Amino acid sequence: MNRRDFFKIVATTGATAAAAGCQQATEQILPLVVPNEQLVPGVAAWFATVCRECPAGCGVLARNREGRVVKLEGNPDHPVSQGALCGRGQAAVQGLYHPDRFPGPQRREGDALKPVSWDDALKTFAEKLGGVKGKGKTLAVVSQLENGSLGALLDRWTQALGGRPRVTLEPFGYEAIRAANRATFGRDAIPYYAIHDAEVVLSFGADFLETWLSNVHYARGFARMHTFRDGKAGTFIHVEPRQSLTASNADEWVRNAPGTEAAVALAVLKLMLEGGQAADRRFGDAVASVDPRKVAEESGVPLETLQNVAKTFAAAKPGLAIGGGVAVSGSHATATQIAINLLNAAAGNVGKTVRFGPDSAYGKVTPYAEVARLVQAMAAGEIEVLVLGSGVNPAFTLPGGLKVADAIRKVPFVVSFAGLPDETTALAHLVLPDTHWLESWGDYSPMEGVNGLLQPTMKPVRDARQMGDVLLAVGRTALGTEAGKGPLPWESFQQYLKAAWEPVVKDKWSEALSQGGTWREGAAAPAVAVSPRVERVDAAAAKLDGGEGLALIAYPSIRWYDGRTASRSWLQETPDTMTQTVWDAWAEINTETASKLGIRQGDVVKLTSPHGAIDLPAYLSPTIHPGAVAVPIGHHYAPYHLRLKYVPAGSASANPMALLPAAADAVSGGPAFLSVKVSVARTGARRPLAVLQATHDQDERELARHVDLATARKEALGGKKLHEAHLSMYSEHEYKGYRWGMAVDVDACIGCQACVVACHAENNVPIVGRAEAAYGRQVSWLRIERWAEGLAAQPHNMFLPMFCQHCEVAPCEPVCPVFAAYHTEEGLNGQVYNRCVGTRYCGNNCPYHVRRFNWWNYEFPSPLEIQLNPDVTVRQLGIMEKCTMCIQRIVAGKDHAHRDEKRAVRDGDIQTACQQTCPTKAITFGNLKDEASAVSKLANAPRAYHVLDEIGTRPSVTYLKKVVRGGHEPEPRTGKGQA
Amino acid sequence: MSAPERTPPPIAGGAHVAEPTYADVNRDVLNTLRPPGNLYFAWMCVVGLILTCGILAWTYQIFMGMGAAGKRTPQMWAMYITTFVFWIGIGHAGTLISAVLYLFRARWRTSIYRAAEAMTIFAVLTAGLFPMIHAGRMWFAYFLLPYPNQRYLWPNFKSPLVWDVFAISTYLSISTVFFIVGLVPDIAAVRDVSTGWRRRLFTMLSLGWEGSDRQWRHYRRAYGLLAALATPLVLSVHSVVSWDFAMALVPGWHSTLFAPFFVDGAIFSGFAMVLVLALPMRHFFHLHAYIRDRHLDAMAKLILTTGLVLTYFYICELFTSWYSGDHIEKASLFWRLTGSYSWALATMYFCNCISPLILFWKNARTNPVILYVVSVLVLIGMWFERFNIIVPSLGHDFYPYTWGVYIPTITDTTIIVGSFAWFFILFLGFIKVMPSLSIVEVKETLAAPIKDTRHAGHH
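Residues numbered from 1 in each chain as written. Chains lettered and ligands numbered in written order. Predicted model: local features only at pLDDT ≥ 70, side-chain atom pairs only at ≥ 80, totals over all residues.

Here's the deal with the overall build of chain B
Now for step 1: What chain B contains, in helices and strands, is 15 helices and 0 strands.
Now for step 2: Here the C-alpha radius of gyration of chain B, 23 Å, is about what a compact globule of 459 residues would show, namely 23 Å.
Now for step 3: Dimensions of chain B, computed from C-alpha atoms along their principal axes, come out at roughly 80 × 60 × 40 Å.
Now for step 4: Counting across all 459 residues of chain B, residues that qualify as buried make up 48%.
Now for step 5: Residue pairs at least 24 apart in sequence account for 81% of intrachain contacts in chain B once pairs closer than 6 positions are excluded. (Helix = DSSP H or I, 4+ residues; strand = E, 2+ residues; numbered from the N terminus. Rg over C-alpha atoms; globule rule 2.2 N^0.38 Å. Buried ≥ 20, exposed ≤ 12 C-beta atoms within 10 Å, placed from the backbone. Contact = placed C-beta atoms within 7 Å.)

Structure (structure tokens):
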């Protein structure tokens, strides 16, 4: 080819490329909310807002890089989250960039939803609204718990158009707590529980470390109350028929027969009164008819256990009894909550750890009984237009007995504001995708005194419009009014919000916005004294329909809540800590019951109740009550999970809500989650679960270690230090500047998996899908292991977060032929992706097996690739990767200290992603060379140890032994092969 | 393998055991180089087809990623490294026969050493593919070579994998030189009777050999020197390969026993492979006069001896694991004996420890069928030995969280089978291009001719 030809070709191809480029839609490199001249490429901007993944309302900071949100972190100033975030919160960005998000408004044409322009969609909606205007109560509005401006606007809008009162749909509404508080304290509210101030927490099924009320906040509180510090540690007793994650964090887990919580609580109260331990003795009448011996027999809880619980609880100054969860939601729910109220009153906890005043937002949820009435009205054809806000999915989250889908089909016009396709949008006639809460204005008050403010953290990813804006526009059209006039005068929802906040913040609007809202110092308002009214409490067990069979425990899971977060692949691939299962739902059956029924692990079983039937693989557990079967609520797949073959084609959701009756609990008006017995039968099919942990038995390897409280206290006060002899022929490493290290407190870790999800978000960890994960190819850099000790039926669980140990004498380093694995000057095990040839020798030689290999080129389905952290390399196929201790954060931290502030890095300047999000502060990062740093102190603490220290790898990650409370130490191992 | 009509008449005397003359040697060896028959082409087709499948499977794996092979955490190494070590082991017998036995003046080596040497080179060429097949990014495998480069990269000489690169490339180059030097006089003999491209090729390869006295003196000295140079390699290569494992921490790998254990196993399997190749050669080319029963007997005895030594090493391995008192080491051993892969261990014990015992019986040592069956069993057993070291040890090591079972896929199995096809296609090609029996050395072992009537030149 000569020079002329070359230019010809270049010119032709260039012109073709340019012409082809003209046909493409314009793409914005910086999709900013407002073009910002202050934007510095490479520097993150942080926006404060409020997490709306569940009603807990944690304050979050969204990290915006070049106009795109890439990571969420808890807002350290916010009283609810206090800087932490749970896994669901961390995964919210996957909702924002969800591949299945509606690209724009959709209208039903035949069986399918077809795209339609916003103008047409709004016109259709306004016409329909005009049709029902003034026809009296034929318009129904259902939203998730919105107690701020959007809620107020919705109410105003509904009223203006003459609709039925708005229904706030939250499947977990805690109606029984409200009913009990009405009965005992005369207050229809859910108080603030000061778990952090309690010495002893006695929980009746309240899964406060998973979903109960505000799991991040209560996990923070639990850590303050329970984690061993300076010789002190609180006690936690949990009563539940199955060993949930919360139960396995208890010092004593009491397994009761399903539905006997009220009786157990009353028996404890009675024993307290009999023992003369109660501070307040007015409650004799309430428990007059309770016979602890009989309760012990019925509930299966030994009398001594009841006595011990009573003694421990009464001795606490103060204690705290709480109740909730699914086990406490049947016909005995209100009685149980009343008994709990009496326990708190008798022990003198009301006003101390049970605080009315800073009441929870949950008190404003529409009771389930009213939701059921609306569904009946729909089924009766009384509703003509149904408006469903984003975040609600009644066709999926309400009991199957209610036949919600059939009822919705009877409504002539259903509008949904959902951003993602779900079981309800499948029935909608018009879908007007709402903006994600990270793209929206708004406010939310999780408890009295705390008002969180939401602001758009980036421009909408899809052609979505904020629900408030749409309602204002459509409402005005339907009412025939103009902007600035009539009942809906505001131009936009933003204007409405600002107007609503004006009296509160005055000219401090931008301060409030940058802080993420307003709250009173200390959060807790002065306690309101409430004296209980004492009545006899019915100790009857929960009534279960269905005759013979196993009691169904359908419980909300920390990963999926009511199902609204199950479409996030991070949460699907993060294992359930107790079972270590990914990508699946399962039916947890007691091992003995299963062997009687001839069921093996992985057999697909059909659970049949009088209201429905579902098929699920069986998970055999020695811990669950033999008379119960437990199924997590809310499991379903997103369409793209099937499209990308993360799960086998044809995989379907299996939601136990389908098995539940329509009827509300008569006393509280709440849904009766514990109300049916189900028959369990093998279908003959098999679907082995994708379980990541091969065994929960550590085989005497002391990976997770424990120490009894007395010894821990003696050592802590005596100042004993970790002493390991390091014999080596080689000279010691010398660290010129820093030596980074971490410490993990096994006593603090509750196994919530928030760190695992945070690590996915921070480090661009890909998703591999069900089959690959089950085959040991998950890429997660961090895993939470559950190690069980003691009796199989009553194991003592320890949670061990395991990631690269950054060994000083690292087995991975010398075996790498190309120095891809090497030791940095700051004590990290570096991994140079570009050098890696992929011999995988390091992976074999790592005794912890924390190195992860890129078996394939992993996909980040569009637009999820926008979420990728620009500071972290996306790894190619064929190379090894692992935890870097968030090297990008270390570099940024050093850069900031050295260059901007001309100083050394201070302790606490740098936080790893896992540490940052940990609700219990179990993880500490810092400079091991600095003896005053927090991590050095922990590394030299008496409880410190290194995992597999006998191999001599000398890890930079130190673990602190779990402290087991006196009397509840794990017994010697009885056998191998715990499930 | 030659077509029936081309089969030469039986050697005078009718019996295959008659001592051939120099002329017979020339004729019989050159006969093996005659144009091949249908049977040969049929074999080539079968082997070629399998090789094609292997190449396609490898292409797929390069394109898709290592996930196509069944590897996982913790078995990041599995069948590729198993087969790599297997082929390196096979490559051992050749040099042992040609160099060590030459130095020890074991005269029975003459009839088999050429084939054994060729086998060595082909086995090392096959083994050499595996580090490439195995690497996650094989296109960067050259990062392991030490040469000044603009990347400022230098291999890590602490890594046993870099030692491997040196051990194997040294072994390959010395073996190749040794092989070519050994071929020179024979090639000259073939040159003199061939035509066309073969003649040009052989002229080049024979390096101007005329068979002069001076050439012979130099040739002998060079051959002896190369033999002396190659001898330590017999021990070093497989020792170095064994350190891939012994230098690692993995329980079941981390053992000082590994170097002698691997060397012995390599000789064991190498002789089995020599028999697997030599017995059909003898049958199809009617080489009974050269590969005689006493040769088979000698090789069978070596297999028996190395097999017994191997059994001793197995016992040592079990004993040291148990005697160490180390819980993790014992647990690993116990799982290998009783866990998911116990069938593989049982196969190995049967093939390597039990099956060679039949060779204590003299008749078995000269019975080609029994020898063939034992050799194949030994090869299977030795493949499983490496499998048992790699896969079950990794599957049950320090960390119980990741314990588990590796399951091969179609891709990696096809590549493994393809590697055998690659080896056999090289060997099949060799026997039709080069004299697979050493004309020179066979003649040396014969009684000197009293009167050479048929005038077969002594080259």
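Some thoughts on the overall build of chain A
Now for step 1: On a plain count of helices and strands, chain A comes out with 29 helices and 39 strands.
Now for step 2: Its C-alpha atoms give chain A a radius of gyration of 29 Å, near enough to 30 Å, the size a compact globule of 979 residues would have.
Now for step 3: The principal-axis extents of the C-alpha atoms in chain A amount to approximately 90 × 75 × 65 Å.
Now for step 4: Going through the 979 residues of chain A one by one, you find that 61% of them count as buried.
Now for step 5: By sequence separation, contacts in chain A at least 24 residues apart represent 75% of the contacts at least 6 residues apart.

Considering helix α11 (residues 342-354) of chain B
Count 3.6 residues to each turn of an α-helix, and residues three or four apart come out pointing the same way.
Residue and element names in this part refer to chain B.
Now for step 1: Here α11 spans 17 Å end to end across 13 residues, near enough to the 18 Å set by a 1.5 Å rise per residue.
Now for step 2: Residues Met348, Cys351 and Asn352 constitute the buried set of α11. Angularly, the buried residues of α11 cover 80° about the axis, an arc narrow enough to put them on a single face.
Now for step 3: Among the structural elements, α9 (293-324) and α13 (368-395) are those in contact with the buried residues of α11. (Expected span 1.5 Å × (residues − 1). Arc of directions from axis to C-beta.)

Focus: unusual backbone geometry
All names here are of chain A.
Now for step 1: Omega for the bond connecting Lys317 with Pro318 falls within 30 degrees of zero, at -10°, which places this linkage in the cis form.
Now for step 2: Of note, Pro318 is situated in the loop between α11 (303-315) and β12 (319-323).
Now for step 3: Look at the link from Ser862 to Pro863: it is a cis peptide, with omega at 0°.
Now for step 4: Along the chain, Pro863 turns up in the loop between β34 (852-853) and β35 (880-881).
Now for step 5: Non-glycine residue Gln753 carries a positive phi angle of around 75°.
Now for step 6: On the secondary structure map, Gln753 appears in the loop between β29 (740-745) and α23 (754-763).
Now for step 7: A count of 27 C-beta atoms within 10 Å places Gln753 in the buried class.
Now for step 8: The phi angle at Leu948 is positive, at roughly 55°, despite the residue not being glycine.

Describing the domain arrangement of chain A
Residues and elements named next belong to chain A.
Now for step 1: When cut into domains, chain A gives domain 1 (175-363), domain 2 (550-691) and domain 3 (706-810 + 885-964).
Now for step 2: Spacing between the C-alpha centres of domain 1 and domain 2 amounts to 27 Å.
Now for step 3: Looking at which element gives the most residues to the side of domain 1 that touches domain 2, the answer is helix α6 (residues 175-185), with 3 residues.
Now for step 4: Broken down by class, the residue content of the side of domain 1 that touches domain 2 amounts to 9 nonpolar, 11 polar and 4 charged. (Domains from an automatic or database assignment. Nonpolar A, V, L, I, M, F, W, Y, C, P; charged D, E, K, R; others polar.)

Remarks on the packing of helix α3 (residues 79-103) of chain B against helix α4 (residues 113-134) of chain B
All names here are of chain B.
Now for step 1: Running from amino to carboxyl end, α3 crosses α4 at an angle of 155°, the nearest separation of the two axes being 7 Å. When the axes of α3 and α4 are compared, the pair comes out roughly antiparallel. In this structure, α3 crosses over α4, and the sense of that crossing is left-handed.
Now for step 2: Residues belonging to the contact of α3 with α4 are distributed by class as follows: 17 nonpolar, 8 polar and 1 charged. (Axes fitted to C-alpha atoms, helices over the stretch in contact; angles between N-to-C directions. Parallel < 35°, antiparallel > 145°, perpendicular 65-115°, else oblique. Left-handed = near helix turned anticlockwise from the far one by under 90°.)

Examining the confidence of the model for chain A
Now for step 1: For chain A, per-residue confidence averages 89 on the pLDDT scale, and 93% of positions sit at 70 or higher.
Now for step 2: A low-confidence stretch, residues 968-979 of chain A (pLDDT under 50), is modelled with 27 contacts involving residues beyond four sequence positions or located in other chains. (pLDDT = per-residue confidence, 0-100.)

Structural notes on the nonpolar core
Now for step 1: Of all hydrophobic cores here, the largest spans 448 residues; its most connected members are Leu266, Val268, Leu269, Phe313, Ala339 and Val629 of chain A together with Val274 of chain B.
Now for step 2: If we ignore the near neighbours within four places in the chain, the residues touching Val268 of chain A are Leu306, Val309, Ala310, Phe313 and Leu343 of chain A.
Now for step 3: Judged by nonpolar contacts, the second largest core, of 7 residues, contains Ala233, Val707, Leu709 and Ala712 of chain A. (Core = buried A, V, L, I, M, F, W, Y, C linked by C-beta atoms within 7 Å.)

Observations concerning the interface of chain A and chain B
Now for step 1: On the side of chain B, 38 residues touch chain A, which itself brings 41 residues to the contact.
Now for step 2: Contributing elements (two or more residues each) for the side of chain A that touches chain B: α25 (812-815) and α26 (841-845) of chain A.
Now for step 3: Ranked by residues supplied to the side of chain A that touches chain B, first place goes to α26 of chain A with 4 residues.

Details of helix α2 (residues 38-64) of chain B
Residue and element names in this part refer to chain B.
Now for step 1: With 27 residues, α2 extends 39 Å from end C-alpha to end C-alpha; this agrees with the ideal 39 Å at 1.5 Å per step.
Now for step 2: Every buried residue of α2 is listed here: Val47, Leu51, Gly54, Ala57, Trp58 and Gln61.
Now for step 3: On the buried face of α2, the contacting elements are α4 and α14 (410-433).

Quick notes on the packing of α3 of chain B against helix α5 (residues 160-193) of chain B
Residue and element names in this part refer to chain B.
Now for step 1: Running from amino to carboxyl end, α3 crosses α5 at an angle of 50°, the nearest separation of the two axes being 11 Å. In terms of their interaxial angle, α3 and α5 are classed as oblique. The way α3 lies across α5 gives a crossing that is left-handed. Along the contact surface, α3 presents Gly94, Thr95, Ser98 and Ala99, while α5 presents Ser175, Phe178 and Gly182.
Now for step 2: Considering only residue class, the contact of α3 with α5 consists of 2 nonpolar, 5 polar and no charged.

Overview of the sheet that holds strand β16 (residues 430-431) of chain A
Residues and elements named next belong to chain A.
Now for step 1: Spatially, β5-β4-β16-β15-β14-β6-β7 is the arrangement adopted by the 7 strands of the open sheet, whose pairing is mixed. Of all the strands in the sheet, the pair left with one neighbour each is β5 (112-115) and β7 (167-168).
Now for step 2: Relative to strand β14 (residues 385-388), strand β6 (residues 139-143) runs parallel, the two sharing 4 bridges. Of the residues in β14, the one forming a bridge with Val141 is Val387. (Pairing = 2+ DSSP bridges.)

Things to note about the pairing of strand β17 (residues 442-447) of chain A
Now for step 1: Within β17 of chain A, 6 of the 6 residues are buried, which leaves it mostly tucked inside the rest of the structure.
Now for step 2: Two successive antiparallel strands, β17 of chain A and strand β18 (residues 450-454) of chain A, enclose a turn made up of 2 residues, where Gly449 of chain A displays a positive phi of approximately 95°.

Considerations on the confidence of the model for chain B
When pLDDT is low, close inspection of the predicted coordinates is not appropriate.
Residues and elements named next belong to chain B.
Now for step 1: Of all residues in chain B, 93% attain a pLDDT of 70 or more, and the chain-wide mean is 87.
Now for step 2: Across residues 1-16, where pLDDT falls below 50, the model places 24 contacts with residues more than four positions away in sequence or in other chains.
Now for step 3: Reported confidence for the predicted complex is 0.90 by ipTM and 0.91 by pTM.

Side note on the sheet that holds β29 of chain A
Residue and element names in this part refer to chain A.
Now for step 1: Strands sit in the order β36-β29-β38-β37 across an open sheet of 4 strands; the sheet is mixed. The open sheet terminates on both sides in strands that have one partner only, identified here as β36 (923-927) and β37 (944-945).
Now for step 2: Both β29 and strand β38 (residues 957-960) contribute to a ladder of 4 bridges, which runs parallel. If you follow Met742 over to β38, its bridge partner there is Val957.

What to know about the pairing of strand β3 (residues 68-74) of chain A
Residues and elements named next belong to chain A.
Now for step 1: Burial within β3 is extensive, with 7 of its 7 residues counted as buried.
Now for step 2: Note: strand β2 (residues 59-65) against β3, 6 bridges, orientation antiparallel. Of the residues in β3, the one forming a bridge with Leu61 is Glu73.
Now for step 3: The hairpin turn running from β2 into β3, its antiparallel successor, is 2 residues long, and Glu66 in that turn takes a positive phi close to 50°.

Structural notes on the environment of Gly110 of chain A
Now for step 1: With respect to the secondary-structure elements, Gly110 of chain A resides in the loop between β4 (106-109) and β5.
Now for step 2: Separated by 16 residues in sequence, Gly110 of chain A and Gln94 of chain A have C-alpha atoms that sit 31 Å apart.

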